[in-house]
Every structure is written in structure tokens, then in C-alpha cells.
Amino acid sequence: NAGVTQTPKFQVLKTGQSMTLQCAQDMNHNSMYWYRQDPGMGLRLIYYSASEGTTDKGEVPNGYNVSRLNKREFSLRLESAAPSQTSVYFCASSVRGRGTGELFFGEGSRLTVL
Amino acid sequence: AQSVTQLGSHVSVSEGALVLLRCNYSSSVPPYLFWYVQYPNQGLQLLLKYTSAATLVKGINGFEAEFKKSETSFHLTKPSAHMSDAAEYFCAVREYNNNDMRFGAGTRLTVKP
């Protein structure tokens, strides 16, 4: 009963390094999301994928890229990490992007950029 | 675009007291509204959601919320706080014709013995 699985759970990077956060869901959901959580700011949407083969920008997409690899997997890439990207990143999925479908979240990936 | 404002970043109550966490939303079209809870070092989990079927929504763990269109509010309440309710709570909104869900800044609930 895995739900949404994120890897890695912790990562420390130096400024300018690149990395990819992986996310997979086993609930056959159509829509997937990447959020970042910062103190006092709640969760802010980085990118989302309403369905396989589509991706769209959210509130804070700068410095990130995403790939919807297949229906199960949605990765987030930082090409050149900056200290401002130090955050906790959450992947989420929902049955459908529109309407009443709630989000199911992974446990988060804590990223520190030095 | 839709948005959510949560009044009060920290709320402290005594065990057994009423819990009231405030949420106001902004939306140009009918919204769907959600409350999520986050325990330390975990992801968010759904407490309850408003989907226009009923204005008073009951969720898990004894929480409920009332949708008030005239006040653009969706406040979360629980009659009697329990120590296990200590967590961070997030209100979220999604417009019915939109894909993304927007979250408030969160309210950290502390329960004193």
C-alpha cells in the first residue's frame, strides 16, 4: 500500500549542482504535482501534470524542469541548484486534475543547497 | 487566480477546549475547498473537503468545517481538542474548472495539557 513514493528523502547539494527528485504513485491517478514547502509560506505549486503527456507551470516554476515519464512517474529536476531552492519538496497525485479530487501526498524530500 | 488566507500562523488551545482555525478564500468561480493536516516529518493528509453537496462538512478525527459563501470562509472547528490534534493545518482551494490546488500558509495548532 505504497501510495506516493518520493526519492531521495534527504539531499545536500552545492550551489550549481544538478539533481533529480523522483516520484512514483501506484494508485492509477491521472494527475501529478510538485510543491515546495517553506516556513510561513505554505505549499507553493511548482509544476503539475494533468494527465500523461502534459505538464504545466504552477506558481514558482523558475529554476525547475519536470518530466512525466509515464502515468506512474513524475520527476522534478534542478539544473543548477541555488540556495533559494533549499526547501522541502512534496509530490502529490489525484485521480483527476479538475474538480473535487483531493491530493495524495508523498512524505517529502528535504533539500539543502549550500 | 484562486487564493487562500489563513488567519493566525499559530493557535494554542487547552486540551478539551474548542478548536477554531480560520480560512478565507478568493475565487472568481465556484470553488472546491479542502483542509489538510500535516504531522511532523510527514506529508499532508486530507481532513475534509467541500464539494457543494452540503455547506457543513464533517471530516475525520471529529473535525468539521462550514462553507459560508457570503463571508468567503471555510473555518475548521472541533468541539474538544485532544493532544493528538497538535499538527499543522492547511486550507486549500481549487476552482471547479482549474487543475491546480492552492494552499494557505498554514496554522500550527498546539494543544496544552
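This text goes with the structure placed above it.
A short tour of the structure in this document, coming up. These numbers come from a predicted model, not from an experiment.

1. Side note on unusual backbone geometry
The step from Thr 7 of chain A to Pro 8 of chain A runs through a cis peptide bond, and the omega angle for that step is -5°. Residue Asn 41 of chain B is not a glycine yet carries a positive backbone phi of 60°. The exposure class of Asn 41 of chain B is exposed, given its relative accessible area of 67%. For Thr 72 of chain B, which is not a glycine, the phi torsion comes out positive at approximately 45°.

2. Notes on the nonpolar core
Residue and element names in this part refer to chain B. By size, the foremost hydrophobic cluster in this structure holds 27 residues, and its most contacted members are Trp 35, Leu 47, Leu 48, Phe 74, Leu 76 and Tyr 89. Looking at this core, the elements that each hand over two or more residues are strand 2 (10-14), strand 3 (19-26), strand 4 (31-38), strand 5 (44-50), strand 7 (64-68), strand 8 (73-78), strand 9 (87-95) and strand 11 (107-112). Here Tyr 89 is in contact with Gln 6, Leu 21, Trp 35, Tyr 36, Val 37, Leu 47, Phe 63, Leu 76, Gly 106, Thr 107 and Leu 109, once residues within four sequence places are set aside.

3. Observations regarding the interface of chain A and chain B
The interface of chain A with chain B comprises 25 residues on the first partner and 23 residues on the second. Taking both sides of the interface into account, the surface hidden between chain A and chain B amounts to around 1900 Å²; carbon and sulfur atoms contribute 52%. Here chain A and chain B share two salt bridges between them. Linking chain A with chain B are five residue pairs in polar contact (both at pLDDT 80 or more). When contributions to the side of chain A that touches chain B are tallied by element, the ones reaching two or more residues are strand 4 (31-38), strand 5 (42-49) and strand 9 (87-94) of chain A. For the side of chain A that touches chain B, the class distribution of residues is ten nonpolar, nine polar and six charged.

Thresholds applied
Residues numbered from 1 in each chain as written. Chains lettered and ligands numbered in written order. Predicted model: local features only at pLDDT ≥ 70, side-chain atom pairs only at ≥ 80, totals over all residues. Heavy atoms only, no water. Buried < 20%, exposed > 50% of the residue type's maximum accessible area, 1.4 Å probe, protein only. Core = buried A, V, L, I, M, F, W, Y, C linked by side-chain atoms within 4.5 Å. Helix = DSSP H or I, 4+ residues; strand = E, 2+ residues; numbered from the N terminus. Contact = heavy atoms within 4.5 Å. Buried area = accessible area lost by both parts, 1.4 Å probe. Salt bridge = Lys/Arg side-chain N within 4 Å of Asp/Glu carboxyl O. Polar contact = N/O pair within 3.5 Å; in protein donor to acceptor, adjacent residues only side chain to side chain. Nonpolar A, V, L, I, M, F, W, Y, C, P; charged D, E, K, R; others polar.

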